[in-house]
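Each chain is listed here by its residues.
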Amino acid sequence: MDVINIQGTDDTPNVILDKASGQFEISGRSLPEDVNMFYEPILDWIDQYSEDPNDHTEFNFKLEYFNTASSKVILDILLKFEEIVETGKEVVIKWHYHEDEEDMLEAGEEYSDIVEIPFDYVLYTD
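As the structure is a prediction and not an experimental result, all values here were calculated from the model.

Criteria and thresholds
Residues numbered from 1 in each chain as written. Predicted model: local features only at pLDDT ≥ 70, side-chain atom pairs only at ≥ 80, totals over all residues. Heavy atoms only, no water. Helix = DSSP H or I, 4+ residues; strand = E, 2+ residues; numbered from the N terminus. Rg over C-alpha atoms; globule rule 2.2 N^0.38 Å. Buried < 20%, exposed > 50% of the residue type's maximum accessible area, 1.4 Å probe, protein only. Areas by Shrake-Rupley, 256 points an atom, 1.4 Å probe, with all protein chains shown as cover. Lys, Arg positive; Asp, Glu negative; His and termini not counted. Charge placed at Lys NZ, Arg CZ, Asp CG, Glu CD. UniProt positions renumbered as here; feature names shortened; annotations may be inferred. Salt bridge = Lys/Arg side-chain N within 4 Å of Asp/Glu carboxyl O.

A word on the overall build of the protein. Looking only at helices and strands, one finds three helices and six strands in the protein. Taken against the 2.2 N^0.38 rule, which gives 14 Å for 126 residues, the C-alpha radius of gyration of the protein at 14 Å falls within 12% of a compact globule. Relative to its full complement of 126 residues, the protein shows a buried share of 44%. Surface accessibility of the protein: about 7,000 Å² in total, with carbon and sulfur atoms responsible for 42%. Positive and negative side-chain charges of the protein, numbering 7 and 32 respectively, have mean locations separated by a distance of 6 Å.

Next comes the structure, spelled out in structure tokens:
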């Protein structure tokens, strides 16, 4: 599988999807002008990955901010990983949040209530 490695901007997140190294991360800010265009290759990659996933997948969300349109796509990503869990593979979501951003912790907790995937909450400071 190809590696996706997108360098983030002020409006788009860093994205690393690398099956071979086991690196799966979306970080930074997510408020792309066209959320569907930005995330389409990422969702396609996850669909392809789900056909032959690693036995253990640890997906890191290290978002500082995301808009409403991005929140829908984050849920879509989580639902795809929930399907992988249903095949018997292990998936853990590492939800990183800044100590000053209680909203981001709450967002992770809300996603955790929707999908059947274990969430680990990771507090960080600057």
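In this section: the UniProt feature "domain: SiaC family regulatory phosphoprotein" (unreviewed entry) in the protein. Within this numbering scheme, the UniProt entry marks residues 6-122 as carrying the feature "domain: SiaC family regulatory phosphoprotein" (unreviewed entry). For the annotated span residues 6-122, helix accounts for 42% and strand for 32% of the residues, and the straight-line distance between the end C-alpha atoms is 23 Å.

Let's shift gears to the pattern of salt bridges. Counted according to the given criterion, the structure contains six salt bridges. One salt bridge connects Glu25 with Lys62, and the closest N-O pair in it is separated by 3.5 Å. One end of the pair, Glu25, is in strand 3 (residues 23-30); the other, Lys62, is in strand 4 (residues 56-66), with 37 residues separating them in the sequence. For Lys62, a relative accessible area of 31% puts it in the partly exposed group. Across the pair Asp47 and Lys80 runs a salt bridge, and its minimum N-O distance is 2.6 Å. Here the residue Asp47 occupies a position in helix 1 (residues 35-51), and Lys80 occupies one in helix 2 (residues 68-86), the gap between them amounting to 33 residues.

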